[in-house]
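# Observations on the three-dimensional arrangement
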Amino acid sequence: MLIVMRPDATPQDIEQVNAEIRRRGWQPHAIPGGTRTAIGITGNRGVVEPEPFRVLPGVADAVLISQPFKLVSREVKPEDSKFQAGPLTLGGKTIHVIAGPSSVETRDQIVGTANGVKKAGATLLRGGAFKPHLSPYEFQGLKHDGLALLAEARRETGMPIVTEVKDTATLLQVAEVADVLLLGSRNMQNYALLEAVGEVRKPVILKRGISATLKEVLMAAEYIVARGNTRVILCERGIRTFETMTPNTLDLNAVPMLKSLSHLPVFVDPSHGIGMRKAVPALMRAAVAAGADGLLVQVHPDPPRAISDGHQTLDFPEFEKAMDEVRAIAGAIGRDVA
Ligand code: PEP
């Protein structure tokens, strides 16, 4: 159920609706819009009767939400969400590119990469410090030392930091350093982590699980937003299909579908999306053409020597060229790259 307030509704009118929702043991979620506020309801087990709300002062209408995801849905908020991540605004007409290595390895590597990708036009730096890998024998990241190196790269370049949070035990330590949290594909349905991230006031990139449907992605985002963290970015990163020539198949259907169903920004990770270095620039261009609000790209000063994901990581000249092409595509569809 969504309570739509009239444009002239007062703060007292809104509070009265909130109180009425709480009185029934449910939770109100104010969703401010361009011209009016809407209030979503969660926590109800059965159908919410609209009439008791329609008669309250300041209420324009009480409407049923047809989708199982509510707070992230366009039915609740028709206009695109935009929000701050450090000094940047994500989710608007301007496309942001997040770039950096899979793993933070050394000071020279991460600071050097930050300078390299910034020069090419990336606005946020990515780098994994806590790395949940398929095999327990693979590199698991520099952990706290990696976070400290990311903070140093931010001091040197001013770039906001995007880094993965792998579990609830380390969430607060990661959130202390990160400007944007990355919730990886393996954790997309880790409900304890989704709820905990929902309590943290940092933007979060929610990556699609390799076998997750778009509805499951949206339901996972709902877990975060229902806890009060509304700054969620959905990220398509490739799914598992019958194709064996590429590790993953980038599902570009996800971009227009997620954008039509949800007001949240949609980013694309073309590096994991195809898992093949030489094909990454083509998918960067395709993602922007499909309407992505941002990209997440793996870049390293020397990909063949990267500790992880070198096979899908661009070097600086490749990234610079791909960024020029992405700018041209963005311009052709009336958008720009920060
Ligand atoms: C990553 O982006 O560092 C990562 C591990 O991605 P994914 O969770 O999509 O595999």
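This write-up is about the structure you can find in this document. Since the structure is predicted, the reported quantities are computational estimates derived from the model, not experimental observations. (Residues numbered from 1 in each chain as written. Predicted model: local features only at pLDDT ≥ 70, side-chain atom pairs only at ≥ 80, totals over all residues. Heavy atoms only, no water.)

Glancing now at the layout of surface pockets. Remark: the empty space left among the atoms is shown by a probe the size of a water molecule rolled over them. Roughly 590 Å³ of volume is contained in the largest pocket. What lines the largest pocket is a set of 27 residues, among which His133, Arg186, Arg237, His272 and Asp309 lie closest to the centre. Of the residues forming the lining of the largest pocket, the biggest block, three residues, is contributed by strand E9 (residues 161–164). Here the lining of the largest pocket is composed, by residue class, of six nonpolar, twelve polar and nine charged. By volume, the second largest pocket is sized at about 250 Å³. (1 Å grid on protein atoms, 1.4 Å probe; cavity = no way out; pocket = protein on both sides within 12 Å on 5 of 7 lines; lining within 4 Å. Points joined across faces, edges and corners; volume = space filled by probe spheres on them. Helix = DSSP H or I, 4+ residues; strand = E, 2+ residues; numbered from the N terminus. Nonpolar A, V, L, I, M, F, W, Y, C, P; charged D, E, K, R; others polar.)

Another point: the packing of helix H6 (residues 191–199) against helix H7 (residues 214–226). At a minimum axis separation of 6 Å, H6 and H7 run at an interaxial angle of 40°. When the interaxial angle is binned, H6 and H7 end up oblique. The chirality of how H6 crosses H7 is right-handed. Packed against H6, whose contacting residues are Tyr191, Leu194, Glu195, Val197 and Gly198, the element H7 presents Ala220, Tyr223 and Ile224 at the interface. Split by residue class, the contact of H6 with H7 holds six nonpolar, one polar and one charged. (Axes fitted to C-alpha atoms, helices over the stretch in contact; angles between N-to-C directions. Parallel < 35°, antiparallel > 145°, perpendicular 65-115°, else oblique. Left-handed = near helix turned anticlockwise from the far one by under 90°. Contact = heavy atoms within 4.5 Å.)

Taken in spatial order, the four strands of this open sheet run E2-E3-E1-E4, and their pairing is antiparallel. The open sheet has two edge strands with one neighbour each: strand E2 (27–32) and strand E4 (59–63). Sheet twist, expressed as the average angle between the axes of neighbouring strands with direction ignored, equals 20°. Of the pairings in the sheet, the one linking strand E1 (residues 2–5) to E4 comprises four bridges and is antiparallel in character. What sits directly across from Met5, in E4, is Val59. The strands touched by helix H1 (residues 11–23) are E1, E2, strand E3 (37–42) and E4; relative to E3, the strand with the most contacts, the crossing angle is about 5°. (Pairing = 2+ DSSP bridges.)

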